[in-house]
Amino acid sequence: MKRFVTLALGMLTVFGVSGQLPNTYTSSQLLQQLKRLKVLGSVLYVAAHPDDENTRLIAYLANQKLYRTGYLSLTRGDGGQNLIGDEQAVELGLIRTQELMAARRIDGGEQFFSRAYDFGYSKSTDEALTIWNSEAVLADVVWVIRRFQPDAIIARFPEDSRAGHGHHSASGLMARLGYAAAADPNQFADQIPAGAQVWQAKRLLWNTFNFGTTNTTDSTQFKLEVGQYLPLLGKSLGELSGESRSQHKSQGFGVSRQRGTATEFFTTLSGTTPANDLLDGVNTTWSRIPGGQGIEADIDAIIAAFDHNNTAGSVPALQALQRKLWMMSGGGTWLALKRSHLQQLILACAGVYAEATVSTATVIASDSIAIRVSAINRSSLPFEVKNLAFDAVSRPLQVKPASNALWQTELRATAPTQIMETQPYWLRQSQGTGLFTVGNQQDIGLAENEPLKVNLTVELNDAAYTLAVPIRYRYVDPVKAEQYQPVYVSNPFLITNDPGILLFRKNSSDSATIEVNITAPKATTASRAAITITSDSSRYSRRQAQPPMQWNSAGTKSVSFRLPNYLKGSNKDIDFLQVAFEVGDSGKPQSYFNAMRTIAYDHIPTQSYHYQDKIKVLHLDLKGGAKKVGYIPGAGDKVLPALVQMGYQVTELNPNNLELAYLRQFDAIITGVRAYNVHEGLSNAYDALMAFVSAGGNLIVQYNTNSNVGPVKAKMAPYPVAIGRTRITNELASPQFLLPKHPVFNYPNTITPKDFDGWIQERSIYHAEGFDASKFAAPLAFADPGEAPQSGSLVIAPYGKGNFVYTGLVFFRELPAGVPGAYRLMANLIELPKH
């Protein structure tokens, strides 16, 4: 009997650790998957961020117990710090999403998210849920539970201060409320017609922990041994866990592989307490499905006959089992999952491989594309390629490639008409303060978009399958060899502007230059074109026709504009300029104003997203700027361009080559965020930097940390000072000027509380502490709600003729965001008077 089934190539073409290479499977891995076919149990782990998950427990559940295991992270980690680059906010969220996906490819779990935006460190559950919208996040948690249908739910964190973070404790609360609400048909009833099912998990557990000085485990709790060695995988669970956790590279979470026994502890929060296994009392066999009583015996027979040297020998028996599953009904989610799992196993055991590739990472909306499709059957079983389709294009085929012969063809088709097709779904609409806007209920919970796919129908051993094959950009790198990357839909023209922030001094007659960069992802011509620049305030508008523009290949052309201080004479401090590239007849031109940002790191697939690159215009009462500044880059930030906009002559310095004779030319030296964490060479520069300060220079050290990203690797101050973990998370916290006459508040700009308006995410992190108050001035304090004022966000020590400054104030967020007061305060730090 022939049966056509649609199969997304999940297990068959899951991408490997890097995400850039298709996976291949050993016979041992296939046998592991056969054993998984027998198990019908599931567990959902719930926490707040990427890297919160217990990878050892997930590896145990997915690989030792063979349960379907999911991790629901409420956020994508957008508000964290970035150890590997300068990406922040949603861009960091894209990186951390893919790091989680890489981790799950190793430990065997599945990944889910709510719509909650990581707005940064939070000190309370109430704050987190107020900013997020607790009802919306709870709805997402319930949706994921009802769709995933876990037998047990495990919270990583408690609901109280032991969680260490408001997001953490909020995730514990959401796990408890979600557990109950998912089982209540009266809560979020609108989810039922959308495809969810009321679901009662057997129990809710808290996976207790021993972190630093907080030990929540005890001998009375239920415990599991999770350090087993897995012969079929050739690794222990601790080794899998270490590899999985080490994918969180942007957070500096590389860890060693662990070997030997390990114990996890659990407290029951709701439901019955387990005695022997997390799923005690849950039927995890095929008998939980109507008509499934004999299926387990069939699988056992297939496992017993499995031949490591002839995996295709299992295909006929697997297909016979498949026919049985298709005759069954009433099995709900489990039957659908096992059908899909079995189909993947059949093709994998036969050595069937298929791929669809294009020659560029970007395809133009509505453009003609050539998709190279290939397939191979590496068994002796009969194999035929029957049909190939993409969107509205379908091509019947009747090709019977020989065993182990690669079949290839090219399909000409039309790319999707909308760039939103491949835009990360949570970035398709404007974002709220604490919640992404997602228009399609079916997208909520998903880790990422479905990629563009072709449908390839093949027949294997008289059974037909329609394979949904992801379309990838394939290329060969001379060093990295064969690589596969996602494919994105783009406009024919992409518009970026430099600089992204334009600074005019208040009521000055200054003018400024902007570069409008027009990127064509492929060769093209714009015979009739114009560039328009309009301001949100309607105070500026300009349209400039361009001569015919031609791109012989993918590339960028730049056009310069000189802009006057059009805000002169107004009381407006901030405005935005929108730049568009018009192409076509002047009566009905097509306007393009989107940019496309691509994020590329070796450990994750390349990520791209579209955004509108508006220019933020600042009209500031800003004094200072005629100084020379040296900038030592740290772990990645965008402070340097802001300094240039302020009028400083900025030179980027090599942290390994800081000789006093060279440093003397500068009035101030600024170190980038976490510079002392990542540059051991700064140890050798200590004497030169202190001599620079003593001679009259100002050294401004932005925040460093003694947390997981590594200790401070060099002395940095003239007098002893420690770095703590104190932070002010409320970006609205009122400033307290403890030393109002200090030059930092008076020269060259008069700093007032108004300069702390409009700050984003937080005030400060990693405060200075343990310093001698007779050596250091601490002129500024803030207090989070319910806490005492903290004064370590800015400390200044006169040394010789100059000044040493350590600041945890988040200039690395505020300056790139164009926050006016941050510019004025930074100018005062740079120009602290000599002594």
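Everything numeric here is computed off the predicted structure, so don't read it as measured data.

About the criteria used
- Residues numbered from 1 in each chain as written.
- Predicted model: local features only at pLDDT ≥ 70, side-chain atom pairs only at ≥ 80, totals over all residues.
- Heavy atoms only, no water.
- Helix = DSSP H or I, 4+ residues; strand = E, 2+ residues; numbered from the N terminus.
- Rg over C-alpha atoms; globule rule 2.2 N^0.38 Å.
- Buried < 20%, exposed > 50% of the residue type's maximum accessible area, 1.4 Å probe, protein only.
- Pairing = 2+ DSSP bridges.
- Expected span 1.5 Å × (residues − 1).
- Salt bridge = Lys/Arg side-chain N within 4 Å of Asp/Glu carboxyl O.
- Contact = heavy atoms within 4.5 Å.
- Axes fitted to C-alpha atoms, helices over the stretch in contact; angles between N-to-C directions.
- pLDDT = per-residue confidence, 0-100.
- Phe/Tyr/Trp six-rings, centres within 6.5 Å; stacked < 30°, edge-to-face > 60°.
- Lys NZ or Arg CZ within 6 Å of the ring centre and 35° of its normal.
- Parallel < 35°, antiparallel > 145°, perpendicular 65-115°, else oblique.
- Nonpolar A, V, L, I, M, F, W, Y, C, P; charged D, E, K, R; others polar.
- Left-handed = near helix turned anticlockwise from the far one by under 90°.

The helix and strand tally for the chain stands at 16 helices and 45 strands. At 30 Å, the chain has a C-alpha radius of gyration in line with the 28 Å of a compact globule built from 835 residues. Taking the principal axes of the C-alpha coordinates as reference, the chain spans close to 90 × 75 × 55 Å. Burial statistics for the chain: of 835 residues in total, 57% are counted as buried.

Let us now look at the pairing of strand β28 (residues 541–546). One ladder, built from 6 bridges, connects strand β27 (residues 529–535) with β28; its direction is antiparallel. Among the inter-strand pairings, Thr534 is bridged to a residue of β28, identified as Ser541. What sits between the antiparallel neighbours β27 and β28 is a turn of 5 residues, in which Ser538 has the positive phi angle 65°.

With that settled, the discussion passes to helix α10 (residues 332–349). In this model, α10 (18 residues) spans 26 Å end to end at C-alpha, consistent with the 26 Å of a helix rising 1.5 Å per residue. Of all 18 residues in α10, 13 are buried; the element is thus mostly enclosed. Taken from the residues just after α10, Gly351 is the one with a positive phi, measuring 75°.

Once that is clear, we can look at the pattern of salt bridges. Counting across every chain of the model gives 33 salt bridges. As a salt-bridge pair, Arg597 and Glu91 come within 3.1 Å of each other at their nearest N and O atoms. Pair noted here: Arg597 is in strand β33 (residues 594–599) and Glu91 is in helix α3 (residues 89–107), with a separation of 506 residues, a long-range link. The exposure class of Arg597 is partly exposed, given its relative accessible area of 22%.

Let us look at the pairing of strand β25 (residues 511–520). Where strand β23 (residues 494–498) and β25 come together, 5 bridges link them in antiparallel fashion. Its bridge partner being in β25, Asn497 is matched across the sheet by Val516. In the sheet, β25 pairs with strand β30 (residues 555–564) via 10 bridges, with the strands oriented antiparallel. Following the sheet pairing, Asn517 is matched in β30 by Ser558.

Right, let's get into the environment of Tyr465. Within the secondary structure layout, Tyr465 lies in strand β20 (residues 463–477). When the C-alpha atoms of Tyr465 and Thr125 are compared, they prove to be 49 Å apart, with 340 residues separating the residues in sequence.

Moving on: unusual backbone geometry. Put simply, Asp498 and Pro499 share a cis peptide bond, and its omega is 5°. For Pro499, the position within the fold is in the loop between β23 and β24 (501–505). Cis geometry is adopted by the peptide bond preceding Pro748, which originates at Tyr747 and carries an omega value of -5°. Residue placement: Pro748 occurs in the loop between β41 (736–737) and β42 (768–769). Of note in this structure, Asp462 is not a glycine but carries a positive phi near 70°. Mapped onto the elements, Asp462 comes out in the loop between β19 (453–460) and β20. The backbone of Ala481 sits at a positive phi, close to 70°, despite the residue not being glycine.

Along the polypeptide, Val744 turns up in the loop between β41 and β42. Put simply, Val744 and Ala781 are 37 residues apart on the chain and 14 Å apart in space, counted from C-alpha to C-alpha. Beyond its immediate sequence surroundings of up to four residues, Val744 is in contact with Ile751, Pro779, Leu794, Ile796, Leu825, Asn828, Leu829 and Leu832.

The sheet built from 7 strands is open, its strands ordered β4-β3-β2-β5-β6-β12-β9 with mixed pairing. The outermost strands of the open sheet, each flanked by one partner alone, are β4 (110–113) and β9 (222–225). Neighbour-to-neighbour, the strand axes of this sheet turn through a mean angle of 30°, independent of strand direction. With 6 bridges connecting them, strand β2 (residues 42–47) and strand β3 (residues 68–73) associate as parallel partners. The residue bridging Val46 from the neighbouring strand is Leu72, located in β3. In the packing of α3 onto the sheet, contacts are made with β3 and β4, and the angle to β4 comes to roughly 155°. Its contacts with the sheet put helix α6 (residues 166–181) on β2, β5 (152–155), β6 (203–208) and β12 (263–271), and the angle it makes with β6 is roughly 165°.

Moving on, we get to the confidence of the model for the chain. A residue-level look at the chain finds 97% of positions with pLDDT of 70 or above and a mean pLDDT of 94. pLDDT under 50 marks residues 1–18. Its contacts with residues more than four places away, or in other chains, come to 73 contacts.

Summed over the entire model, instances satisfying the criterion amount to 27 aromatic pairs. Put simply, the rings of Phe737, Phe745, Phe756, Trp759, Phe782 and Phe811 pair up and form one aromatic cluster. Over the aromatic face of Trp426 sits the side chain of Arg76, whose NZ or CZ is 3.4 Å from the ring centroid.

Burial runs high along helix α7 (residues 237–245): 8 of the 9 residues are buried. By the burial criterion, the buried members of α7 are Leu237, Gly238, Glu239, Leu240, Ser241, Gly242, Glu243 and Ser244. Tucked into the core, α7 has its buried residues touching α2 (55–64), α3, β10 (229–230) and β11 (235–236).

Here we come to the packing of helix α8 (residues 295–305) against helix α9 (residues 315–327). Each packed pair of helices is defined by two parameters, the angle between the axes and the distance between the axes. Where α8 contacts α9, the two axes come as close as 10 Å, and the packing angle between them is 170°. As far as their axial angle goes, α9 and α8 are roughly antiparallel. For the pair formed by α8 and α9, the contact residues are Ile295, Asp298, Ile299 and Ile302 on the first element and Ala317, Leu318, Leu321, Lys324 and Leu325 on the second. Residue composition of the contact of α8 with α9, by class: 7 nonpolar, no polar and 2 charged.

Once that is clear, we can look at the packing of helix α1 (residues 27–36) against α8. With their axes 10 Å apart at the nearest point, α1 and α8 run at an angle of 165° to one another. The pairing of α1 with α8 is recorded here as roughly antiparallel in orientation. Here α1 runs over α8; the crossing is left-handed. Where α1 abuts α8, its residues Leu31, Leu34 and Lys35 lie against Ile299, Ile302 and Ile303. Of the residues in the contact of α1 with α8, the class split is 5 nonpolar, no polar and 1 charged.

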